[in-house]
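Close look at the chain arrangement
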Amino acid sequence: MRIDFDPADVDRAAFYKLLTSVVVPRPIAWVSTVAADGTENLAPHSFFTVSCVSPPVVQFTSVGRKDSLRNVEATGEFVVNFAPEHLFEQINATATDFPAGVSEFEAVGIAREPSLRVKPPRVAASPVALECVMHSTLRMGDSTVVFGRVVHAAVSEAVLIDGHPEVRKLRPLTRLGKDEWGALGEVLELSRIRYADWPGAGG
(Lines give C-alpha, C1' and ligand atoms only; values in the text may rest on other atoms or scores of the structure.)
Protein backbone atom coordinates (compact mmCIF):
# COMPACT_ATOMS: atom_id res chain seq x y z
CA MET A 1 0.00 0.00 0.00
CA ARG A 2 1.27 3.47 -0.90
CA ILE A 3 0.43 6.84 0.65
CA ASP A 4 -0.33 9.56 -1.92
CA PHE A 5 1.04 13.11 -1.65
CA ASP A 6 -0.29 15.78 -4.01
CA PRO A 7 2.06 18.82 -4.07
CA ALA A 8 -0.97 21.00 -4.72
CA ASP A 9 -2.46 19.93 -1.39
CA VAL A 10 0.71 19.66 0.71
CA ASP A 11 2.45 22.54 2.46
CA ARG A 12 5.57 23.73 0.58
CA ALA A 13 7.92 22.99 3.49
CA ALA A 14 6.44 19.53 3.99
CA PHE A 15 6.80 18.61 0.32
CA TYR A 16 10.35 20.00 0.28
CA LYS A 17 11.18 17.67 3.18
CA LEU A 18 9.63 14.77 1.30
CA LEU A 19 11.64 15.52 -1.86
CA THR A 20 14.93 15.89 -0.02
CA SER A 21 14.31 12.64 1.85
CA VAL A 22 13.77 10.56 -1.28
CA VAL A 23 16.16 12.22 -3.75
CA VAL A 24 19.19 10.84 -1.94
CA PRO A 25 22.10 10.84 -1.60
CA ARG A 26 22.77 14.30 -3.05
CA PRO A 27 26.32 15.49 -3.78
CA ILE A 28 27.27 18.82 -2.28
CA ALA A 29 28.61 21.82 -4.16
CA TRP A 30 30.58 23.81 -1.58
CA VAL A 31 30.41 27.09 -3.45
CA SER A 32 32.82 29.94 -2.85
CA THR A 33 32.04 33.36 -4.28
CA VAL A 34 33.03 36.97 -3.83
CA ALA A 35 30.51 39.78 -3.44
CA ALA A 36 30.78 43.01 -5.40
CA ASP A 37 32.23 44.67 -2.27
CA GLY A 38 34.93 41.99 -1.98
CA THR A 39 33.36 39.94 0.84
CA GLU A 40 34.11 36.24 0.39
CA ASN A 41 31.25 33.77 0.77
CA LEU A 42 31.19 30.00 1.20
CA ALA A 43 28.04 27.88 1.30
CA PRO A 44 26.95 24.29 0.62
CA HIS A 45 24.30 23.56 -2.00
CA SER A 46 22.97 20.02 -2.27
CA PHE A 47 21.02 20.48 -5.50
CA PHE A 48 24.13 19.96 -7.64
CA THR A 49 25.18 18.00 -10.71
CA VAL A 50 26.99 17.99 -14.08
CA SER A 51 25.05 19.66 -16.90
CA CYS A 52 27.30 19.25 -19.94
CA VAL A 53 30.56 17.56 -20.89
CA SER A 54 31.69 19.71 -23.84
CA PRO A 55 31.92 22.45 -22.82
CA PRO A 56 32.22 21.27 -19.20
CA VAL A 57 29.31 22.80 -17.27
CA VAL A 58 28.15 22.13 -13.72
CA GLN A 59 25.04 23.45 -12.03
CA PHE A 60 23.79 24.20 -8.53
CA THR A 61 20.43 25.47 -7.39
CA SER A 62 19.88 28.35 -5.01
CA VAL A 63 16.59 27.79 -3.20
CA GLY A 64 15.57 31.40 -2.67
CA ARG A 65 18.02 34.23 -3.30
CA LYS A 66 21.08 33.14 -1.35
CA ASP A 67 24.34 35.09 -1.18
CA SER A 68 25.95 32.58 -3.56
CA LEU A 69 23.43 33.46 -6.25
CA ARG A 70 23.65 37.21 -5.74
CA ASN A 71 27.45 37.10 -5.86
CA VAL A 72 27.54 35.00 -9.04
CA GLU A 73 25.08 37.36 -10.69
CA ALA A 74 27.24 40.34 -9.67
CA THR A 75 30.67 38.93 -10.59
CA GLY A 76 30.06 35.99 -12.96
CA GLU A 77 32.45 33.66 -11.10
CA PHE A 78 32.39 30.88 -8.50
CA VAL A 79 34.30 27.81 -7.34
CA VAL A 80 32.77 24.43 -6.54
CA ASN A 81 34.91 22.95 -3.77
CA PHE A 82 34.58 19.19 -3.25
CA ALA A 83 32.86 18.36 0.06
CA PRO A 84 34.84 15.57 1.78
CA GLU A 85 33.69 13.62 4.79
CA HIS A 86 36.44 14.90 7.10
CA LEU A 87 35.23 18.51 6.69
CA PHE A 88 31.69 17.58 7.75
CA GLU A 89 31.42 20.04 10.66
CA GLN A 90 32.89 22.97 8.72
CA ILE A 91 30.59 22.33 5.76
CA ASN A 92 27.58 22.27 8.06
CA ALA A 93 28.75 25.47 9.80
CA THR A 94 28.94 27.35 6.49
CA ALA A 95 25.22 26.66 6.00
CA THR A 96 24.54 29.07 8.88
CA ASP A 97 22.55 32.13 7.77
CA PHE A 98 25.33 34.64 8.38
CA PRO A 99 24.55 38.22 7.31
CA ALA A 100 25.65 39.13 3.78
CA GLY A 101 28.67 41.12 4.98
CA VAL A 102 30.15 38.23 6.97
CA SER A 103 32.67 35.88 5.34
CA GLU A 104 32.12 32.21 6.20
CA PHE A 105 35.85 31.66 5.66
CA GLU A 106 36.53 34.03 8.56
CA ALA A 107 33.56 33.12 10.76
CA VAL A 108 34.12 29.36 10.59
CA GLY A 109 37.92 29.56 10.40
CA ILE A 110 38.42 27.89 7.01
CA ALA A 111 41.78 28.26 5.29
CA ARG A 112 41.64 29.54 1.73
CA GLU A 113 44.00 29.43 -1.23
CA PRO A 114 43.95 31.52 -4.41
CA SER A 115 42.26 30.18 -7.51
CA LEU A 116 44.10 30.15 -10.82
CA ARG A 117 41.45 31.50 -13.23
CA VAL A 118 38.77 33.18 -11.10
CA LYS A 119 38.66 35.61 -8.18
CA PRO A 120 36.79 33.52 -5.56
CA PRO A 121 39.25 31.54 -3.42
CA ARG A 122 39.37 27.79 -3.08
CA VAL A 123 38.97 25.89 0.20
CA ALA A 124 42.58 24.88 0.90
CA ALA A 125 41.64 21.58 2.55
CA SER A 126 39.23 20.49 -0.18
CA PRO A 127 40.78 17.88 -2.50
CA VAL A 128 39.13 19.21 -5.67
CA ALA A 129 38.21 22.68 -6.88
CA LEU A 130 36.25 23.43 -10.05
CA GLU A 131 36.77 27.05 -11.02
CA CYS A 132 33.76 28.31 -12.96
CA VAL A 133 32.49 31.30 -14.88
CA MET A 134 28.76 31.78 -15.09
CA HIS A 135 27.23 30.31 -18.24
CA SER A 136 23.62 31.24 -17.47
CA THR A 137 20.91 31.11 -14.83
CA LEU A 138 17.40 29.73 -14.99
CA ARG A 139 14.68 30.99 -12.67
CA MET A 140 12.19 28.30 -11.72
CA GLY A 141 9.53 29.17 -9.15
CA ASP A 142 11.23 30.06 -5.87
CA SER A 143 14.63 28.77 -7.02
CA THR A 144 17.37 29.66 -9.49
CA VAL A 145 19.60 27.15 -11.27
CA VAL A 146 23.13 28.47 -11.81
CA PHE A 147 25.11 26.98 -14.68
CA GLY A 148 28.87 27.42 -14.57
CA ARG A 149 31.42 26.62 -17.27
CA VAL A 150 34.42 24.94 -15.69
CA VAL A 151 37.52 26.86 -16.77
CA HIS A 152 39.97 25.07 -14.49
CA ALA A 153 40.04 21.97 -12.27
CA ALA A 154 42.58 21.54 -9.49
CA VAL A 155 42.87 18.07 -7.93
CA SER A 156 45.06 17.04 -5.00
CA GLU A 157 47.64 14.38 -5.84
CA ALA A 158 46.62 12.61 -2.64
CA VAL A 159 43.30 11.50 -4.14
CA LEU A 160 44.66 10.37 -7.51
CA ILE A 161 45.46 6.82 -8.59
CA ASP A 162 47.04 6.51 -12.04
CA GLY A 163 46.03 10.12 -12.67
CA HIS A 164 42.34 9.56 -11.90
CA PRO A 165 40.39 10.65 -8.78
CA GLU A 166 39.64 7.62 -6.58
CA VAL A 167 36.36 7.73 -4.70
CA ARG A 168 37.73 5.86 -1.65
CA LYS A 169 40.32 8.59 -1.26
CA LEU A 170 37.90 11.42 -2.00
CA ARG A 171 35.44 10.24 0.67
CA PRO A 172 32.50 12.36 -0.59
CA LEU A 173 30.01 13.74 1.88
CA THR A 174 26.37 13.79 0.79
CA ARG A 175 23.09 15.21 2.03
CA LEU A 176 20.12 13.07 2.92
CA GLY A 177 16.79 14.08 4.48
CA LYS A 178 16.17 16.18 7.60
CA ASP A 179 19.50 16.80 9.39
CA GLU A 180 21.01 13.61 7.98
CA TRP A 181 24.25 13.39 6.04
CA GLY A 182 25.77 10.46 4.20
CA ALA A 183 29.33 9.13 4.07
CA LEU A 184 30.80 6.74 1.54
CA GLY A 185 29.54 3.21 2.11
CA GLU A 186 30.17 0.06 0.11
CA VAL A 187 31.40 0.74 -3.42
CA LEU A 188 29.93 -1.56 -6.08
CA GLU A 189 31.63 -2.03 -9.45
CA LEU A 190 29.84 -3.37 -12.53
CA SER A 191 30.65 -2.73 -16.19
CA ARG A 192 27.92 -1.79 -18.64
CA ILE A 193 26.90 -4.46 -21.11
CA ARG A 194 27.18 -3.55 -24.80
CA TYR A 195 24.16 -4.44 -26.87
CA ALA A 196 26.43 -6.54 -29.09
CA ASP A 197 27.21 -8.67 -26.01
CA TRP A 198 23.64 -8.84 -24.74
CA PRO A 199 22.35 -12.44 -24.57
CA GLY A 200 20.45 -13.19 -27.77
CA ALA A 201 21.27 -9.89 -29.43
CA GLY A 202 21.60 -10.21 -33.19
CA GLY A 203 21.10 -13.95 -32.94
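One can find the structure itself at the top, above this paragraph.
To start, this report covers the structure provided alongside it.

Rules used in this analysis
- Residues numbered from 1 in each chain as written.
- Predicted model: local features only at pLDDT ≥ 70, side-chain atom pairs only at ≥ 80, totals over all residues.
- Heavy atoms only, no water.
- Phe/Tyr/Trp six-rings, centres within 6.5 Å; stacked < 30°, edge-to-face > 60°.
- Helix = DSSP H or I, 4+ residues; strand = E, 2+ residues; numbered from the N terminus.
- Buried < 20%, exposed > 50% of the residue type's maximum accessible area, 1.4 Å probe, protein only.
- Lys NZ or Arg CZ within 6 Å of the ring centre and 35° of its normal.
- Polar contact = N/O pair within 3.5 Å; in protein donor to acceptor, adjacent residues only side chain to side chain.
- Contact = heavy atoms within 4.5 Å.
- Pairing = 2+ DSSP bridges.
- Axes fitted to C-alpha atoms, helices over the stretch in contact; angles between N-to-C directions.

**Quick notes on the packing of aromatic side chains**
- Counted under the stated rule, the structure contains three aromatic pairs.
- Both rings, one in Tyr16 and one in Phe47, keep their centres 6.4 Å apart while their planes meet at 45°; by these two values the pair is tilted. Highlighted residues: Tyr16 in helix H1 (residues 12–22) and Phe47 in the loop between strand S3 (40–45) and strand S4 (48–52), separated in sequence by 31 residues.
- With a centroid separation of 5.3 Å and an interplanar angle of 75°, the aromatic rings of Phe60 and Phe78 are classed as edge-to-face. One end of the pair, Phe60, is in strand S5 (residues 57–63); the other, Phe78, is in strand S6 (residues 77–82), and 18 residues separate them in sequence. In terms of burial, Phe60 and Phe78 fall into one category: buried.
- Cation over ring: Arg175 sits above Trp181, and NZ or CZ is 4.7 Å from the ring centre.

**A word on the side chain of Ser103**
- The residue Ser103 is located in the loop between helix H3 (88–93) and helix H4 (104–108) in this model.
- Using a relative accessible area of 11% as the deciding quantity, one classes Ser103 as buried.
- At a separation of 3.2 Å, a polar atom in the side chain of Ser103 contacts the main-chain carbonyl oxygen of Glu40.
- Residues in contact with Ser103, not counting those within four places in the same chain, are Thr39, Glu40 and Arg112.

**Considering the sheet that holds strand S2 (residues 29–34)**
- Ordered by their spatial adjacency, seven strands build an open sheet running S3-S2-S6-S9-S10-S5-S4, and the pairing between neighbours is antiparallel. Taken across any chain shown, the strands that pair with only one partner, and hence form the sheet edges, are S3 and S4. Strand-to-strand twist of the sheet, defined as the mean angle between neighbouring strand axes without regard to direction, takes the value 35°.
- Of the strands in this sheet, S2, S3, S5, S6, strand S9 (128–140) and strand S10 (143–155) are in contact with helix H2 (residues 67–75), which crosses S2 at around 50°.

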